[in-house]
Amino acid sequence: VFVQRNIANMVLSVDTNVQSVIQYAVDFLQVPHIVVCGHYDCGGVKAALRNMNHGSPLENWLRNIRDVVRVHNDELMQLPPGDARVRRL
């Protein structure tokens, strides 16, 4: 098992760390399958849903989750506030 972790288990196109980990796993370790796994009650997702500035660099990272919230706002607003929205994200 080869593991890479970050806040909210995001794989971003601008994250050279995760790109390097995936490249190393696939090209050098010959890993045949990659699993991106989140979990319920994610503190990173909850932090992104809070209306507060967490300061840099955390705020920059959470902006990616907030972008997803913005794009899918209509769908999320149909869910009850709180845990249901966190689980959906």
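Up top is the structure these notes are about.
In this report, we go over the structure that sits alongside the text. (Residues numbered from 1 in each chain as written. Predicted model: local features only at pLDDT ≥ 70, side-chain atom pairs only at ≥ 80, totals over all residues. Heavy atoms only, no water.)

With that settled, the discussion passes to helix α1 (residues 16–28). For α1, with 13 residues, the first-to-last C-alpha span of 17 Å sits near the 18 Å given by 1.5 Å per residue. Three or more residues of α1 are buried, namely V18, V21 and A25. Buried residues of α1, seen end-on, are gathered within an arc of 60° and therefore sit on one face of the element. Along α1, exposed side chains directed more than 90 degrees from the buried face belong to T16 and F28. Backbone geometry just downstream of α1 places Q30 in the positive-phi region, at approximately 60°. (Helix = DSSP H or I, 4+ residues; strand = E, 2+ residues; numbered from the N terminus. Expected span 1.5 Å × (residues − 1). Buried < 20%, exposed > 50% of the residue type's maximum accessible area, 1.4 Å probe, protein only. Arc of directions from axis to C-beta.)

Let us now look at the side chain of E59. Considering the arrangement of structural elements, one finds E59 in helix α3 (residues 58–71). At 2.8 Å, the side chain of E59 and the backbone nitrogen of H54 are in polar contact. Discounting residues that sit within four places of it in the chain, E59 has contacts with M52, N53, H54 and R66. (Polar contact = N/O pair within 3.5 Å; in protein donor to acceptor, adjacent residues only side chain to side chain. Contact = heavy atoms within 4.5 Å.)

Let us look at the nonpolar core. In terms of nonpolar packing, the biggest core is built from 10 residues, these being M10, L12, C42, V45, A47, A48, W61, L62, I65 and V86. Contributions of two or more residues to this core are made by α2 (43–49) and α3. For V86, the contacting residues outside a window of four places in its chain are C42, V45, K46 and L49. (Core = buried A, V, L, I, M, F, W, Y, C linked by side-chain atoms within 4.5 Å.)

A separate point is the pattern of salt bridges. Here the idea is simple: oppositely charged side chains can pair when their charged atoms come close. A full pass over the atoms with the stated rule returns 4 salt bridges. Residues D67 and R70 are paired through a salt bridge, measuring 3.7 Å at the closest nitrogen-oxygen approach. With D67 and R70 both in helix α3 and 3 residues apart, this pair spans about one turn of that helix. Using a relative accessible area of 31% as the deciding quantity, one classes D67 as partly exposed. The class for R70 is exposed, based on a relative accessible area of 57%. Between E75 and R88 there is a salt bridge, with its nearest N and O atoms 2.5 Å apart. Taken together, the positions of E75 in helix α4 (residues 73–77) and R88 in helix α5 (residues 83–88) put the pair 13 residues apart, joining distant regions of the chain. For E75, a relative accessible area of 32% gives the class partly exposed. For R88, a relative accessible area of 53% gives the class exposed. (Salt bridge = Lys/Arg side-chain N within 4 Å of Asp/Glu carboxyl O.)

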